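Observations on chain architecture
Residues per chain are reported as follows:
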Amino acid sequence: MSKSVSSPAHRGSPRPFRAPNVSIARTIAGSISSHGKLVGRITLASGIAAGALVAMPAANAAPVSQETVESAKVVEAPTLEASATPATMLTDIQQLERAVEMQQRKAEAARKAAEAKRKAAIAAKKAAEAKKKAEAEAKAYAASQQGKIDRAISVASQQIGDPYVWGATGPSSFDCSGLTQYAFGAAGIELPRVSRDQAAALPTVPNDQIQRGDLMFWGSPVYHVGIFLRWENGQAIMLHAPKPGAAVREEAAWDGWFAGSTHRAA
């Protein structure tokens, strides 16, 4: 009784063409968009090689019919050019890398520009607040007693060179009390018309406690008044309208004066 040996069913039968179940290009692009960089060149090379082997039928296989191919399709075939090679695909990946890098640079530049704009807005706001505060402080100082006194000195200094005329109260000629009344009045501090009444209206302070802008008086009864400016080499310097034939000027104080405080005036 003879035994028949049957050949394996698959031997010599055609192997059906199997399209790749994933798109290599899409997998690579997906890795780039998800992670911002390539997964690795080894993975790329392995994927290309595997795709090539799957896409090529065995050398000794029988021709594959179109019907078999159509029935074997599971997913849509990758949209690659027929002439695509690993080298051209690698070039495409490199271009994608450069495109991603360019986008990252643009995003970083936009972030830096937005940050610079934000900081500029903060600086501008702070500058505006500082200006507003300075203006408020200047306004408050101008309304303060010292601010008024400084203003009076400024007005009196502008009259230097104007002639002394007895009984004159400005604006182009003055006597001694006319000058002090004119200057302090312009600053919002009212003084009586003549020197003795000005002395009576102000509190007396020790001469060594006199401050810039206080008044200096002579005589009893008082006959002359000037504005104290500063100490210079131990000498008091005053601004006043001296006497007939002279002009408004700065000079060392005459002897025998006493101080009346405009700082302590009501």
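Scoring rules and cut-offs
- Residues take numbers from 1 onward in each chain, read along the sequence in its written order.
- In keeping with the model being predicted, local features are shown solely for residues with a pLDDT of at least 70 and side-chain atom pairs are shown and tallied solely at 80 or more, while totals for entire chains, interfaces and linings include all residues.
- Side-chain metrics rest on all non-hydrogen atoms present in the structure, leaving aside hydrogens and water.
- Secondary structure elements are defined from DSSP: runs of H or I of at least 4 residues count as helices, runs of E of at least 2 residues count as strands, and each element is numbered from the N terminus.
- Summary of the burial criterion: residues with accessible area below 20% of their type's maximum are buried, those above 50% are exposed, and those between are partly exposed, where the area comes from a 1.4 Å probe applied to protein chains only.
- Residues are treated as being in contact if the distance between any of their heavy atoms lies within 4.5 Å.
- Here the accessible surface of atoms and residues is derived via Shrake-Rupley with a 1.4 Å probe, and residues count as covered only by protein chains that are part of the display.
- When DSSP locates at least two bridges between a pair of strands, those strands are taken to pair.

Comments concerning the overall build of the protein chain
Looking only at helices and strands, one finds 7 helices and 6 strands in the protein chain. Reading the helices (α) and strands (β) of the protein chain from amino to carboxyl end gives α-α-α-α-α-α-α-β-β-β-β-β-β. The buried share among the 266 residues of the protein chain stands at 26%. Counted over contacts in the protein chain with a minimum sequence separation of 6, partners at least 24 positions apart contribute 55%. Carbon and sulfur atoms make up 57% of the accessible area of the protein chain, which amounts to about 17,500 Å² in all.

Examining the pairing of strand E6 (residues 257-260)
Here strand E1 (residues 204-205) pairs with E6 via 2 bridges, running antiparallel. Note on E6: the bridge partner recorded for Thr 204 is Gly 260. Alignment of strand E2 (residues 215-219) against E6, held across 4 bridges, turns out to be antiparallel. When the bridges of E6 are listed, Leu 215 appears paired with Gly 260.

Re unusual backbone geometry
With an omega of 5 degrees, the peptide bond running from Gly 170 to Pro 171 counts as cis. The residue Pro 171 is located in the loop between helix H5 (145-157) and helix H6 (176-186) in this model. Residue Pro 221 is reached from Ser 220 by a cis peptide bond, and omega for that bond is 5 degrees. Of note, Pro 221 is situated in the loop between E2 and strand E3 (222-232). Even without a glycine there, the phi angle at Asn 233 is positive, about 55 degrees. Considering the arrangement of structural elements, one finds Asn 233 in the loop between E3 and strand E4 (235-240).

Things to note about the pairing of E3
Across a regular strand the side chains alternate sides, sitting on one face of the sheet and then on the other. Relative to E3, E2 runs antiparallel, the two sharing 5 bridges. Each residue of the ladder has a partner; that of Met 216, found in E3, is Gly 226. In textbook terms, the turn of a hairpin is the stretch between consecutive antiparallel strands, and for E2 and E3 this stretch comprises 2 residues. Note: E3 against E4, 5 bridges, orientation antiparallel. Each residue of the ladder has a partner; that of Trp 231, found in E4, is Ala 236. Linking E3 back to E4 in an antiparallel pair, the connection comprises 2 residues, with Asn 233 at a positive phi of about 55 degrees.

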